[in-house]
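Chain by chain, the residues:
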Amino acid sequence: MRQATVAEIGSRDKILDGAEDLFARRGFAGVGMREVAEAAGLGKSSLFHHFTSKAELYAAVVGRILDLFETRLTAALAAGGDPVARFDRWLDTLLDAFAAHPTSARLLLRSLFEDDELTGESTEERHVDQTLKRLFSAVANLLREGMESGVFRAASIPHTLQSIVGLTVYHFASGEFGEEMFGQSLFAANGVRKRKSEVKSLLHFGLIARGAEDRTAITTRRN
């Protein structure tokens, strides 16, 4: 019985691994279930034993990535510190997660505008929706805490969240365009370190309240 369960899990992971690569490269509409079965080294009947539809499979692939990100990001926020320290740690963790999982950014970016293909009825799709809500709610609460305590300036939280998605997800999803711009792989260690620094600097200048602005104003007057 245990061997059968392990085999079931192994087959499911093979399917998800193969599907993740295909969906990241070609999107929901560009991938057929037969291709996924072949990539996983399984028969089509075995694929449908695990996933009854392509929409269910697609949501399961996205859900697996989101679960990984949620585990890491939740731990980053739980590590303590003031809102700025937690926000910086959250950003570092998010960018490190994209760098460690190269297909994730493109797949997640695609999933944001391919959800018209999904009905939202399957367990997997509902799981994705619920996980996304928790992820965005956690960072929204952090931004709200920082604004209410005066550490962050008052700003639109939805607009700030949209900007964070653009600064993080798009960068690692930009493929050849991004690599030509930077002259190296987007996932190179030195490039990832630089991206983390640049994103935090940009958001600090946009979000950090009073202290940083006052210091900038004093320096400007002196010059």
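Summarised in this report is the structure supplied together with it.

Rules of the game
Residues numbered from 1 in each chain as written. Predicted model: local features only at pLDDT ≥ 70, side-chain atom pairs only at ≥ 80, totals over all residues. Heavy atoms only, no water. Helix = DSSP H or I, 4+ residues; strand = E, 2+ residues; numbered from the N terminus. Buried < 20%, exposed > 50% of the residue type's maximum accessible area, 1.4 Å probe, protein only. Contact = heavy atoms within 4.5 Å. Areas by Shrake-Rupley, 256 points an atom, 1.4 Å probe, with all protein chains shown as cover. Core = buried A, V, L, I, M, F, W, Y, C linked by side-chain atoms within 4.5 Å. Expected span 1.5 Å × (residues − 1). Polar contact = N/O pair within 3.5 Å; in protein donor to acceptor, adjacent residues only side chain to side chain. Patch = residues over 30% accessible without salt bridge, like charges linked within 9 Å, V, L, I, M, F, W, Y side chains within 5 Å. Salt bridge = Lys/Arg side-chain N within 4 Å of Asp/Glu carboxyl O.

**Observations regarding the overall build of the protein chain**
Within the protein chain one finds 11 helices and 0 strands. Along the protein chain, helices and strands appear, N-terminal first, in the series α-α-α-α-α-α-α-α-α-α-α. When each of the 223 residues of the protein chain is scored for burial, the buried share is 43%. In the protein chain, of all internal contacts separated by at least 6 residues, the share reaching a separation of at least 24 is 71%. Split by element, the accessible area of the protein chain, about 12,200 Å² in all, is 54% carbon and sulfur.

**Description of the nonpolar core**
Counting residues in hydrophobic clusters, the biggest one holds 60 residues, and the most contacted among them are Phe 23, Leu 57 and Phe 87. Within the residue set of this core, elements represented by two or more residues are helix H1 (2–26), helix H2 (33–40), helix H4 (54–78), helix H5 (83–100), helix H6 (104–113), helix H7 (123–148), helix H8 (157–173) and helix H10 (189–207). Sequence-distant contacts of Phe 87, defined by excluding residues within four places in its chain, comprise Val 139, Leu 142, Leu 143, Phe 152, Ile 164, Leu 203 and Leu 207.

**Section: H5**
Its 18 residues place the ends of H5 25 Å apart at the C-alpha level, agreeing with the 26 Å of an ideal helix rising 1.5 Å per residue. Judged by how many residues are buried, H5 sits mostly within the fold: 14 of 18 residues are covered. The opening residue of H5, the one whose side-chain oxygen lies 3.1 Å from the backbone nitrogen of Val 84, is Asp 82.

**Things to note about the side chain of Thr 131**
Following the sequence through the fold, Thr 131 ends up in helix H7. Filtering out sequence-adjacent residues up to four positions away, Thr 131 remains in contact with Leu 66, Asp 67 and Glu 70.

**Structural notes on H8**
Helical geometry: 3.6 residues make up each α-helical turn, so side chains three or four residues apart lie on a common side. Given a rise of 1.5 Å per residue, 17 residues ought to cover 24 Å, and the 24 Å separating the end C-alpha atoms of H8 matches this to within 8%. Among all positions of H8, only Ile 157, Thr 160, Leu 161, Ile 164, Val 165, Leu 167, Thr 168, Val 169, His 171, Phe 172 and Ala 173 are buried. On the buried face of H8, the contacting elements are H5, H6, H7, helix H9 (175–182) and H10. For H8, the N-terminal cap is Ser 156; the gap from its side-chain oxygen to the backbone nitrogen of His 159 is 3.2 Å.

**Describing a nonpolar patch on the surface**
On the surface, Tyr 170, Phe 177, Met 181 and Phe 182 cluster together to form a nonpolar patch covering roughly 460 Å² of accessible area. The biggest single contributor to the nonpolar patch is H9, with 3 residues. You can call Phe 182 partly exposed: its relative accessible area is 45%.

No statement about biological role is implied by the geometric values presented.
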